[in-house]
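Chain and residue survey
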Amino acid sequence: MTKKIKTKLYILAAAGCFLMFCQSIFAQGTSKSALRTVIIDAGHGGRDPGARGLISTEAEVALDIALKLGKELEREYPEIKFVYTRTDHNLPRGESDPNKANRVRAEMANEAKGDLFISIHLNATGQRAGGWYAKRITGYKNKIVYTGTGKRRKKKYVKQPIYESYYVKNTRVGTETYIWAADRSGSKSEYVPEEEGGEEEPVDDPHNVLDLTTPEAKIRAQLYTKYFFRNSALLAQMVEEEFGNNGRKSYGVKQRNNKGIWVLQATGMPSILIETGFISNKEEEEYLNSEKGQQEVVENILNAFRRYKQELEAPRSTSR
Ligand SMILES: [Zn+2]
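Values in this document were obtained by computation on a predicted structure and should not be read as measured data. (Residues numbered from 1 in each chain as written. Predicted model: local features only at pLDDT ≥ 70, side-chain atom pairs only at ≥ 80, totals over all residues.)

Let's talk about the overall build of the protein
In plain terms, the rule: Runs of E in the DSSP output that reach at least two residues are strands. Runs of H or I that reach at least four are helices, and both are numbered from the N terminus. Three exposure classes are used, all based on how many other C-beta atoms lie within 10 Å of a residue's own C-beta (placed from the backbone): buried at 20 or more, exposed at 12 or fewer, and partly exposed between those limits. Each residue is represented by a C-beta atom placed from its backbone, and any two residues with such atoms within 7 Å are regarded as in contact.
Looking only at helices and strands, one finds 7 helices and 8 strands in the protein. A total of 320 residues make up the protein; the buried ones form 36% of that total. When contacts within the protein are restricted to residue pairs at least 6 apart in sequence, long-range pairs at least 24 apart make up 78% of them.

With respect to helix α7 (residues 291–313)
In an α-helix, one full turn covers 3.6 residues, which means residues spaced three or four apart are oriented alike. Definition in use: Expected span, for any helix, means 1.5 Å times one less than how many residues it has.
Between its terminal C-alpha atoms α7 stretches 32 Å, which fits the 33 Å expected from 23 residues at 1.5 Å a residue. Those residues of α7 that fall on the buried side of the exposure criterion are Gly293, Val297, Val298, Asn300, Ile301, Ala304, Phe305, Tyr308 and Leu312.

A few points about the pairing of strand β5 (residues 154–169)
The line we're drawing: Two strands pair under a simple rule: DSSP has to find at least two bridges between them.
Among the 16 residues in β5, 0 count as buried, and that is only a small part of the element. Examined bridge by bridge, strand β4 (residues 131–147) and β5 share 16 bridges and lie antiparallel to one another. Following the sheet pairing, isoleucine 144 is matched in β5 by tyrosine 157. Remark: 6 residues form the turn of the hairpin made by β4 and β5, two consecutive strands paired antiparallel; glycine 148 in that turn has positive phi of roughly 75°.

Notes on the pairing of strand β2 (residues 81–84)
Along a regular strand, successive side chains alternate from one face of the sheet to the other. As defined by bridge partners, strand β1 (residues 37–42) adjoins β2 across 4 bridges and the pair is classed as parallel. Each residue of the ladder has a partner; that of valine 38, found in β2, is phenylalanine 82.

With respect to the environment of lysine 113
If you trace the backbone, lysine 113 turns up in the loop between α3 (98–111) and β3 (116–123). In this structure the C-alpha to C-alpha distance between lysine 113 and isoleucine 39, which are 74 residues apart in sequence, comes to 9.3 Å.

Some thoughts on the nonpolar core
The line we're drawing: Put simply, a nonpolar core is buried Ala, Val, Leu, Ile, Met, Phe, Trp, Tyr and Cys residues tied into one set by C-beta atoms within 7 Å.
Among the nonpolar cores identified, the biggest contains 54 residues, and Ala62, Ile118, Val239 and Ile272 are the most heavily contacted of them. Those residues in contact with valine 239 that sit more than four places away from it in its chain are Thr177, Ile272, Ile274, Asn300, Ile301 and Ala304.

Side note on the confidence of the model for the protein
As a reminder, the rule being used: Scored from 0 to 100, pLDDT records how confident the predictor is in each individual residue.
Averaged over all residues, the pLDDT of the protein is 82; the fraction at 70 or higher stands at 75%. Confidence over residues 21–31 falls short of pLDDT 50; this stretch has 0 contacts with residues more than four positions distant or in other chains. Counting interchain partners and residues more than four positions distant, the pLDDT-below-50 stretch residues 183–209 has 44 contacts.

A short note on the sheet that holds β1
As a reminder of what qualifies: To obtain each axis, a line is fitted to C-alpha atoms, and for helices this fit is confined to the stretch in contact; angles are then taken between N-to-C directions over 0 to 180 degrees.
The strand order across the open sheet built from 6 strands is β2-β1-β3-β8-β6-β7, with neighbouring strands paired in mixed fashion. Edge strands, defined here as strands with exactly one partner in the open sheet, are β2 and β7 (250–256). Direction aside, neighbouring strands of the sheet carry axes that sit 20° apart on average. Here 3 bridges tie strand β6 (residues 175–180) to strand β8 (residues 271–278), and the two strands are oriented antiparallel to one another.

Below is the structure:
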C-alpha cells in the first residue's frame, strides 16, 4: 500500500468510527426515555402534621419514605431528574398555609415539567391511634333502694348494670393508592364525602377546589382522561401489586375526587398518591417507622417504578 492509500484508509476508518459514534448519540437522544423528570412529594409537613400515631406523625414518616425512595431512584436512574416538593419538615417552599402548600406542590411539579408525580402519605381511620377504652355491660346486680318516708318507706331492689372497661384496638391495616377520578369533572358540586379513614385536611377550603373553567385546566383535564389517567392507573396498580406480593394487605387502586387528591388533579402529568399504611394501627405505625419497614415500602414502590418505566419504553407498548 502506498502512503496515500494508507492515509485515505485511515481517514475512512476514522470517518466510519465518527459516524458510528454519531449514530449511538443519535440513538440515545431519540431512544424512548419516557421519564425525564419525576416529582417525589412527601405529604403534609410544617404546621400540617397529617395523621397522628402513637409515636410519630404522618408528615415525619412520609418524609422519611419519600427521601429514601428518592435516594434509591437516583442511584438506579442517574439519567432521570428527581424533584422533591420538600426535603425537610417544613411545608413545600417554606409555605405556612397547608392549603396553599398543596397548590405549591402542584406548581412545583408543573414548573419542573414532570413526567410523573408520586405522593407519599400514611392512612388513618379517624379513630384514636393505637386503640381506646370502651365500656360494656357484663351483667347486672341488685341494688337495694328505699323509697318513701316514714311508714311508707319501702325497700326495693333495682337492677343495675355491671360495667367493664375494655380496650378496643385500632386494627385497620393495609395500603391503597389513589388516582384522580377522571370521570368526574372536579367541580365542587360533585364533591364526594370521604370514606372512613380518609385524609384530614380541611374540607371546603377554596384553594382545594380545582377551577376547570379556564382553558388551560380544561385541556389538562382532557389530557388527563386520555393519557395521564391510563398511566396513573397503570402505576397505581403495579404499586398495589408489589405491596400485596410483599404480604401487605392491599385495598388496591382507588379513585377519590375530594380535597386530599387535589394535588393529583392539578398536576399535568400522571400522578399517584400512595397511602403506605395505617399510622393509626400500633403495629403498622411501628413497621412504617422501622428501618426494615421503610426499606420494604421503598423497595415495593421501586419495583413498581421499574415495571412502569419498562412498560412505557417497551417498543410494542401503546401506553405512551
Ligand atoms: Zn395524608
